[in-house]
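Here are the chains, one letter per residue:
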Amino acid sequence: MSVNKIKVTVNNKVFEEEIDSRLLLVDFIRENLGLTGTHVGCDTTNCGACTVLLDGKPVKSCTVFALQANGKSITTIEGLSHGKEMHPIQKAFLDKNGLQCGYCTAGMIMIAHWLIRKNPEATRDEIREAISGNLCRCTGYDSIVDSIQEASQNMIPEEEEDITAGQRGR
Amino acid sequence: MYPQSFEYVAPRTLKEAVEFLRKHEGEAKILAGGQSLIPILKMRFASFGYLVDIGGLQDLHYIKRDRDSIRIGSLARTSEIEESQDIRMNALMLAEAASQVADSQVRNMGTVGGNCVHGDPGNDLPSVMLALDAIYKVTGPSGTRDIPASEFYVDSYSTGLGEAEILTEIVIPVIQHGSGGAYIKQRRRAGDFSIAAVAAFVSINESGNCGVARLAVTSIGPINFRSKKAEEFLTGKKLSDQNIATAAQLLVDSVEPVADPYGSVEFKKEILRLVGIEALSKATDRALGV
Ligand SMILES: Cc1cc2nc3c(=O)[nH]c(=O)nc-3n(C[C@H](O)[C@H](O)[C@H](O)COP(=O)(O)OP(=O)(O)OC[C@H]3O[C@@H](n4cnc5c(N)ncnc54)[C@H](O)[C@@H]3O)c2cc1C
Ligand code: FES
Ligand code: FES
């Protein structure tokens, strides 16, 4: 095992640890930090269940070494809600039946967060294109697209900047 | 799935990175975005003693426009290529190809450099670099050198890059008035590699005929390659539907695809013919400004 130091900001909190160089970002988040809202579906870059925001942009954390995030800022699903109050995207998924088992949901919401910030007026086709790297095996995509469209009407992109900005660690 | 153990190093300068690679030649591997390398390591198709993460070399992270060329630092992300106005205005086919690579998440992490030097014939950007006659600038222990994309690809996962060399920049000529390019990719599902894809570039000469034609192919055969036969046929001729169809047929006649889960030999040839026609037609329309 080869040990390395890592310093990252996760959901606006700074973490410093010593980790194995092989540790995948998703396992760092789930095992080391105990943030189990981020899921592992395929472990092969196909399903998007492990999607988190790295410096504000969605990546598949099963295909990123934790050390590649050194000095950067990460946002996970836990970083979106304000305490017990749901984030507008979470609320939209509830209202529009955007989930059944919920396994894919955190990944869907993270990519939706990025899409709405980038393109608040995304069309249904643009939403479908954006979530094309995220698989859902039970809900069907129509109600997920409905949820994201609904969320885009309630989320205020400017209010989200501080969620993804973090405090640059390095 | 976990890779075999490795030592991780994150050099702070290009010089430091090259020096480390030289010292550990044969044992060290460059890590850029990791979107090709990490899956390979996780499946244990390969392992290395050292991973040299060049992701922190900010000097290699840019997209610049000169008078006649666009210079892309090797660490520019695929998603940045897709969104760059400079590239959309001056080399549209590159943005077109970048937007069809994998999915948003992979494009946010994967770099242009990694895409072009990995040597996977299914990768989309090498074909565009071939069609645009790009130059790869590399730095190694004995200094820097230029490798034309047309001389870079040797065999699957085998390129003209030395083990201690780093691709630093890709230079592509701006697509001038009277020229046009297009990238057409056929895939089974969103996010997939292609069954076949074609990058076409054409220019129109004073007599209204084809001045230059460059045609590069993805996913058919061991490397991304240009079809000299089809290019020679088109040069000097009218870019008519008939001539484009003949060129696409010459392209198909020059390949020997292998059957795999993407399709049978016949199926792949037919897809290649169709994407060839579509890419050439679209490039021609763009060159004519229609
Ligand atoms: C699910 C999935 C689907 C994909 N679909 C597509 C697709 O449709 N089309 C497509 O084109 N690609 C596709 N890819 C590949 C993806 O685009 C990769 O990002 C890209 O091939 C490699 O870029 P990277 O920065 O991630 O490189 P890495 O994975 O970090 O490196 C790849 C190789 O290049 C070497 N390398 C990287 N940078 C340099 C450099 N500057 N100098 C010298 N050597 C270097 C590394 O040592 C390694 O050998 C897909 C990947 C996945 C996981
Ligand atoms: S678990 Fe990462 S993409 Fe499926
Ligand atoms: S809700 Fe079950 S996988 Fe999407």
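Note that the structure is a prediction, hence the values are computed from the model and not measured.

Caption draft 1: Region of interest: the domain arrangement of chain B. Residues and elements named next belong to chain B. Examined at the domain level, chain B breaks down into domain 1 (7–53), domain 2 (58–172) and domain 3 (179–288). Across the boundary between the two partners, domain 2 contributes 24 residues, which contact 25 residues of domain 3. Each partner contributes to the roughly 2000 Å² buried at the junction of domain 2 and domain 3, and carbon and sulfur atoms together form 52% of this total. At the junction of domain 2 and domain 3, the tally comes to five salt bridges. The partner of Asp133 in a salt bridge is Arg214, with the nearest N and O atoms 3.7 Å apart. Applying the counting rule to domain 2 against domain 3 returns 13 residue pairs in polar contact (both at pLDDT 80 or more). Sorting the residues of the side of domain 2 that touches domain 3 by element identifies helix H5 (92–98), helix H8 (125–131) and strand S8 (153–155) as the ones contributing at least two each. When residues of the side of domain 2 that touches domain 3 are assigned to their parent elements, the largest contribution, five residues, is made by H8. Classifying every residue of the side of domain 2 that touches domain 3 by side-chain character gives 13 nonpolar, six polar and five charged.

Caption draft 2: Highlighting the sheet that holds strand S11 (residues 179–186) of chain B. All names here are of chain B. Strand order in the open sheet made by the four strands is S11-S12-S13-S14, with antiparallel pairing throughout. One side of each edge strand has no neighbouring strand; the edge strands of this open sheet are S11 and strand S14 (225–226). Of the strand pairs in this sheet, strand S13 (residues 210–218) and S14 are connected by two bridges, and their pairing is antiparallel. Bridge assignment links Val217 to a residue of S14, and that residue is Phe225.

Caption draft 3: Fine view of the interface of chain B and chain A. Residue-level contacts link 32 residues of chain B with 33 residues of chain A. Carbon and sulfur atoms make up 52% of the area that chain B and chain A hide from each other, which totals about 2500 Å². Here B:Glu83 and A:Lys118 are joined by a salt bridge, their closest N and O atoms 3.2 Å apart. Within the residue set of the side of chain B that touches chain A, elements represented by two or more residues are strand S1 (7–9), helix H2 (37–42), strand S3 (50–53), helix H3 (78–83) and helix H6 (104–109) of chain B. No other element matches H6(B), which puts six residues into the side of chain B that touches chain A. Residues that form the side of chain B that touches chain A fall into these classes: 14 nonpolar, nine polar and nine charged.

Here is what the cut-offs are and how they apply
- Residues numbered from 1 in each chain as written.
- Chains lettered and ligands numbered in written order.
- Predicted model: local features only at pLDDT ≥ 70, side-chain atom pairs only at ≥ 80, totals over all residues.
- Heavy atoms only, no water.
- Domains from an automatic or database assignment.
- Contact = heavy atoms within 4.5 Å.
- Buried area = accessible area lost by both parts, 1.4 Å probe.
- Salt bridge = Lys/Arg side-chain N within 4 Å of Asp/Glu carboxyl O.
- Polar contact = N/O pair within 3.5 Å; in protein donor to acceptor, adjacent residues only side chain to side chain.
- Helix = DSSP H or I, 4+ residues; strand = E, 2+ residues; numbered from the N terminus.
- Nonpolar A, V, L, I, M, F, W, Y, C, P; charged D, E, K, R; others polar.
- Pairing = 2+ DSSP bridges.

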